[in-house]
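Below are the chains, spelled out letter by letter.
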Amino acid sequence: MHQAALLGDMIRDAPHYGWAVPQQVPHDWRKMAEAVQNHVKSLNWGHRVQLQDRKVKYLNIKASFVNEHMVCGVTKGGKETLLSADHIVIATGGRPRYPTQIEGAVEHGITSDDIFWLKESPGKTLVVGASYVALECAGFLTGLGLDTTVMIRSIPLRGFDQQMSSLVTEHMASHGTHFLRGCTPLRVKKLPDGQLQVTWKDLASGREDMGTFNTVLWAIGRVPETRSLNLEKAGVNTNPNSYKILVDAREATSIPHIYAIGDAAEGRPELTPTAIMAGKLLAQRLCGQSSDLMDYNNVPTTVFTPLEYGCVGLSEEEAVARHGEEHVEVYHAYYKPLEFTVAERDSSQCYIKMVCLREPPQLVLGLHFLGPNAGEVTQGFALGIKCGASYAQVMQTVGIHPTCAEEVAKLHISKRSGLDPTVTGC
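Reference entry: report on the structure contained in this document. (Residues numbered from 1 in each chain as written. Predicted model: local features only at pLDDT ≥ 70, side-chain atom pairs only at ≥ 80, totals over all residues. Heavy atoms only, no water.)

Some words on the packing of aromatic side chains
Moving on, step 1. Overall, the coordinates contain 4 aromatic pairs when judged by the stated rule.
Moving on, step 2. Judged by centre distance (3.9 Å) and plane angle (5°), the ring pair of Tyr 331 and Tyr 391 falls under stacked. Highlighted residues: Tyr 331 in strand S18 (residues 328-334) and Tyr 391 in helix H11 (residues 391-395), separated in sequence by 60 residues.
Moving on, step 3. For Tyr 391, a relative accessible area of 10% gives the class buried.
Moving on, step 4. Ring geometry for Tyr 335 and Phe 369: centres 5.7 Å apart, planes at 35°, overall tilted. Of the two residues, Tyr 335 is situated in the loop between S18 and strand S19 (351-357) and Phe 369 in strand S20 (residues 364-370); the sequence distance between them amounts to 34 residues.
Moving on, step 5. What makes Phe 369 buried here is its relative accessible area of 0%.
Moving on, step 6. The ring of Phe 213 carries the charged tip of Lys 124 above its face, separated from the ring centre by 5.1 Å.
Moving on, step 7. The ring centre of Tyr 243 lies 4.4 Å from the NZ or CZ of Arg 227, which sits over that ring. (Phe/Tyr/Trp six-rings, centres within 6.5 Å; stacked < 30°, edge-to-face > 60°. Helix = DSSP H or I, 4+ residues; strand = E, 2+ residues; numbered from the N terminus. Buried < 20%, exposed > 50% of the residue type's maximum accessible area, 1.4 Å probe, protein only. Lys NZ or Arg CZ within 6 Å of the ring centre and 35° of its normal.)

So, in structure tokens, the structure goes:
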């Protein structure tokens, strides 16, 4: 869906390159949704086939613990199956959370899990939340031409670099996404015409306001699928607040032969590639093939907002908190992607910063990239940072011209210098 929105931008760029494209090109939500759903179904089928090819027995049952070595699985028809094992791995993931305390939230709202399965366009949409899921959903809905509003209670992209987060939302706002900041929803009411009337409170003034929408999408976080597992019968400890399972560096729970990986585990990034790697390493350890542990430091990720934000390592705030401001050097630049030039796109928020230790050779602590193809750019530099790259080594790297990634290898202006970081021709 992010790609669908990007294609819309490219269609608008096309006339600048000589393509005679109509000014108004309609988008067919139903056709897009069907294609996305078919892709997801093909992925699920592919996984089933691969499991079978590898002689892995797949049971479509809902399991819960009987004791520390046994689980009970129940089919949709109610048939029970008891399974025992020397080792048990919990990888149940999580689901989007509904604010059940808000009147009408469950009855009339949807989550990010649902939007991919809507048969009709969601129309005018209110997205509640400030997570990367919230901003990604709002970004592609705006990109598809839908009237979209994001309601933020506090700050966007908590846990990410806040300068970058501000640039992400600035870009979204300048391209049509509306923001209600410092607000919290109070109730959702369905009107006779089918529209949803949302009442919210401005936390600064205490004043209540309301608006009508076709769809309300909750993106306020995720809840791990652990509460129905009867973990207490196995003696597995969880965080009473987050319901996540407490694990050690080996992914082991309070019961040494029971493990937890992914979103169900406490303190782990809620990222699919991280869970996959942790699972592979755990399998190798259990089979005696390796003793390697998962390294959760310098895990790269990308927020797929209209202007993508990729990052790896520490945010500027984290670096300063850990090492002290006097020991941190930040190199940065505002740049203009080549694909923005002919189409005369605004590049005000295209920005890169590299957070380094100040002492030579200036170890790179974090890289933050805002611009086209951020995921591809970040993935490449993540390897260098994982290997302990220094600023000096990055400066010795030859850039590939003309790419956005080469701007990382050209960073030479520090924040401390106070000089204008806008990239020029020389």
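From this point on, the discussion continues.
Description of the nonpolar core
Moving on, step 1. Ranked by internal contacts, the top residues of the largest apolar core, which has 56 residues, are Trp 29, Phe 140, Tyr 309, Met 354 and Phe 369.
Moving on, step 2. Element by element, the count of residues in this core is highest for helix H5 (residues 132-143), at 6 residues.
Moving on, step 3. Contacts of Met 354, omitting those with residues within four sequence positions, involve Glu 329, Val 330, Tyr 331, Val 364, Gly 366, Leu 367, Tyr 391, Val 394, Val 408 and Leu 411. (Core = buried A, V, L, I, M, F, W, Y, C linked by side-chain atoms within 4.5 Å. Contact = heavy atoms within 4.5 Å.)

Points about the side chain of Ser 64
Moving on, step 1. Looking at the secondary structure, you find Ser 64 in strand S1 (residues 62-67).
Moving on, step 2. Look at Ser 64 and you get buried, because its relative accessible area is 18%.
Moving on, step 3. With sequence-adjacent residues up to four places away left out, Ser 64 is seen in contact with Val 71, Cys 72, Ser 228, Leu 229 and Asn 230.

Some points on the pattern of salt bridges
Moving on, step 1. Applying the stated criterion across every chain, the model contains 16 salt bridges.
Moving on, step 2. Linking Asp 9 and Arg 12 is a salt bridge whose minimum nitrogen-to-oxygen distance equals 2.7 Å. Highlighted residues: Asp 9 and Arg 12, both in helix H1 (residues 2-13), separated by 3 residues, approximately one helical turn.
Moving on, step 3. Linking Asp 263 and Arg 222 is a salt bridge whose minimum nitrogen-to-oxygen distance equals 3.9 Å. Of the two residues, Asp 263 sits in the loop between strand S15 (258-260) and helix H8 (272-286) while Arg 222 sits in strand S14 (residues 222-224), which places them 41 residues apart along the sequence.
Moving on, step 4. Exposure remark for Arg 222: the relative accessible area of 31% places this residue in the partly exposed category.
Moving on, step 5. In the salt-bridge network here, residues are joined through shared partners; they are Asp 161, Glu 316, Lys 353 and Lys 415. (Salt bridge = Lys/Arg side-chain N within 4 Å of Asp/Glu carboxyl O.)

Things to note about helix H6 (residues 162-174)
Moving on, step 1. Look at H6: 18 Å from first C-alpha to last across 13 residues, which is about the 18 Å you get at 1.5 Å a residue.
Moving on, step 2. By the burial criterion, the buried members of H6 are Met 164, Ser 165, Leu 167, Val 168, Thr 169, His 171 and Met 172.
Moving on, step 3. Sitting at the amino-terminal end of H6 is Asp 161, which places a side-chain oxygen 3.1 Å from the backbone nitrogen of Gln 163.
Moving on, step 4. Count one or two residues on from H6 and you reach Gly 176, which has phi positive near 110°. (Expected span 1.5 Å × (residues − 1). Polar contact = N/O pair within 3.5 Å; in protein donor to acceptor, adjacent residues only side chain to side chain.)

Remarks on the pairing of S18
Moving on, step 1. Where burial is concerned, most of S18 is hidden: 6 out of the 7 residues are buried.
Moving on, step 2. Note that S18 and S19 share 7 bridges and pair antiparallel. Pairing of Val 328 across the sheet is with Leu 357, part of S19. (Pairing = 2+ DSSP bridges.)

Examining the sheet that holds S18
Moving on, step 1. Here 5 strands make up an open sheet; going across it, the order is S16-S17-S20-S19-S18 and the pairing antiparallel. Strands with a single pairing partner mark the edges of an open sheet, and in this sheet they are strand S16 (301-303) and S18. For this sheet the average axis-to-axis angle between neighbouring strands, irrespective of direction, equals 15°.
Moving on, step 2. Where S16 lies against strand S17 (residues 309-313), 3 bridges are found, and the strand directions are antiparallel. From the neighbouring strand, Thr 302 faces S17, where its bridge partner is Gly 310. (Axes fitted to C-alpha atoms, helices over the stretch in contact; angles between N-to-C directions.)

Notes on the sheet that holds strand S7 (residues 125-128)
Moving on, step 1. Pairing is parallel in the open sheet, where 5 strands are placed in the order S6-S13-S7-S8-S9. Where the open sheet ends on each side, the last strands, each with one partner, are strand S6 (110-111) and strand S9 (178-181).
Moving on, step 2. Pairing geometry for S6 and strand S13 (residues 215-218), over 2 bridges, is parallel. In the sheet register, Ile 110 faces S13, and the bridge partner there is Leu 217.
Moving on, step 3. Helix-sheet contacts for H5 involve S7, strand S8 (148-152), S9 and S13, and the interaxial angle to S8 is about 160°.

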